[in-house]
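# Summary of the model geometry
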Amino acid sequence: MNQDWYKLLPRVRNEQPLVHNITNVVVTSFTANGLLALGASPVMAYAREEVADMARLARAVVLNIGTLDHTVVDAMIIAGKSANQQGVPVIFDPVGVGSTAFRLEMARKILSEVKVSVIRGNAGEIAGLIGKTGMTRGVDALEQEAGNLVETAATCARQYRTIVAMTGKEDILTDGVTHYMVQNGHPMLTKVTGTGCLLSSVLGAFVAVEENHLLAAVSGVASYGVAAELAARKTGEKGPGHFQILFLDQLYRLSEEDLSSLGRIQKL
Ligand code: ATP
Ligand code: TZP
Ligand code: MG
Ligand code: MG
């Protein structure tokens, strides 16, 4: 990509944007620690009485339906509308959409009431949002043919007038017209719960510092993938427990040089 995508990470560290997360109970602590390691400033707030105020204070709002119920969905809509009124970008993670009817119904409700800047999900979830079902197992994506992935992501982006970050072995970033593929990352990311959720919140930090949200999404996904590759090298023979810690450390240590030498971004 011709812009200096690797220069966004230093901006995140300089500006330390406040990212307001309404996320799931599985990943809360990992998400907060990941954002801190990266250099952003996390806050979790869920009460309907305060989410409008918190969203207004934040530089990005992340809505993640991993362990949703009606109360959480109400809070997400209040927070999302407040963010929209203030021009604060909203990221949406449709965890598990495509596996139950309730998730799809709630995701569509949120997307009909809140304008989101980026949807970040696995292939099954993005397919689920455009009505293609049977491509998920619980919160995990099932394998799909590569050719269909770009079309699925682009259709989703056009339908919801947003940027789609569809992640997996390869990541597809699209606004519906212009598409990028990022080939960074490591299979160890699939052995630690919440790595997709943390990525959605990391994208919140990147869109907070860059108005071009497609560039921010590409940069955030590539930076995250490079950190995972470096952490996996250090993990060696050890397993997911060590990788999780080394990955947080690597988010903290990641340099512009690491990114410019290891980033694998391709315009499609
Ligand atoms: P799932 O529940 O299907 O694992 P998720 O919400 O956890 O989905 P992922 O698609 O796993 O999200 O994406 C999280 C990170 O893991 C992204 O940076 C992505 O590039 C990376 N990733 C996922 N699978 C692989 C893989 N097989 N090889 C390399 N990187 C991967
Ligand atoms: N169940 C509900 S939310 C959740 C699980 C296991 C976490 C999913 O995290 P990720 O980032 O999608 O792997
Ligand atoms: Mg994963
Ligand atoms: Mg997920």
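Since this is a predicted model, take the numbers as computed values, not measurements. (Residues numbered from 1 in each chain as written. Chains lettered and ligands numbered in written order. Predicted model: local features only at pLDDT ≥ 70, side-chain atom pairs only at ≥ 80, totals over all residues. Heavy atoms only, no water.)

### Quick notes on the side chain of Ser223
Mapped onto the secondary structure, Ser223 falls in helix α9 (residues 213-235). Apart from the residues lying within four places of it in its own chain, the contact partners of Ser223 are Trp5, Phe206, Leu254 and Leu259. (Helix = DSSP H or I, 4+ residues; strand = E, 2+ residues; numbered from the N terminus. Contact = heavy atoms within 4.5 Å.)

### With respect to the UniProt feature "binding site: substrate" (unreviewed entry) in the protein
Those places that UniProt annotates as "binding site: substrate" (unreviewed entry) correspond, in this numbering, to Met44 and Gly194. Mapped onto the fold, Met44 is located in strand β2 (residues 41-44). Under the relative-accessibility criterion, Met44 is labelled partly exposed at 23%. Among residues more than four places away in sequence, those in contact with Met44 are Asn21, Thr23, Thr28, Thr31 and Ala32. As for its placement among the helices and strands, Gly194 is situated in the loop between β10 (179-182) and α8 (195-209). Gly194 gets classed as buried once you look at its relative accessible area, which sits at 9%. Filtering out sequence-adjacent residues up to four positions away, Gly194 remains in contact with Val27 and Phe30. (UniProt positions renumbered as here; feature names shortened; annotations may be inferred. Buried < 20%, exposed > 50% of the residue type's maximum accessible area, 1.4 Å probe, protein only.)

### Let's talk about the packing of helix α4 (residues 70-86) against helix α5 (residues 101-113)
At a closest axis distance of 9 Å, the pairing of α4 and α5 adopts a crossing angle of 20 degrees. Relative to α5, α4 is oriented roughly parallel. For the pair α4 and α5, the sense of crossing is right-handed. For the pair α4 and α5, the contacting residues are His70, Val73, Met76, Ile77, Lys81 and Asn84 in the first and Phe102, Met106, Lys109, Ile110 and Glu113 in the second. Taken together, the residues that form the contact of α4 with α5 break down as 6 nonpolar, 2 polar and 3 charged. (Axes fitted to C-alpha atoms, helices over the stretch in contact; angles between N-to-C directions. Parallel < 35°, antiparallel > 145°, perpendicular 65-115°, else oblique. Left-handed = near helix turned anticlockwise from the far one by under 90°. Nonpolar A, V, L, I, M, F, W, Y, C, P; charged D, E, K, R; others polar.)

### As for the sheet that holds strand β4 (residues 90-93)
Spatially, the 9 strands line up as an open sheet ordered β2-β1-β3-β4-β5-β8-β9-β10-β11, and their pairing is mixed. Across the chains shown, the open sheet's two edge strands, defined by having one partner strand only, are β2 and β11 (265-267). The mean inter-strand angle of the sheet, taken between neighbouring strand axes irrespective of direction, is 20 degrees. In the sheet, β10 pairs with β11 via 3 bridges, with the strands oriented antiparallel. Following the sheet pairing, Tyr180 is matched in β11 by Lys267. (Pairing = 2+ DSSP bridges.)

### Comments concerning the pattern of salt bridges
One pass over the structure, following the stated rule, counts 11 salt bridges. Asp93 serves as the salt-bridge partner of Arg120, at 2.9 Å between the closest nitrogen and oxygen. Highlighted residues: Arg120 in strand β5 (residues 118-122) and Asp93 in strand β4, separated in sequence by 27 residues. Per residue, the accessibility class of Arg120 equals that of Asp93, and both read buried. The closest approach of N and O atoms between Lys169 and Glu170, which form a salt bridge, is 3.7 Å. Residue Glu170 is classed as partly exposed on the basis of its relative accessible area, which comes to 27%. (Salt bridge = Lys/Arg side-chain N within 4 Å of Asp/Glu carboxyl O.)

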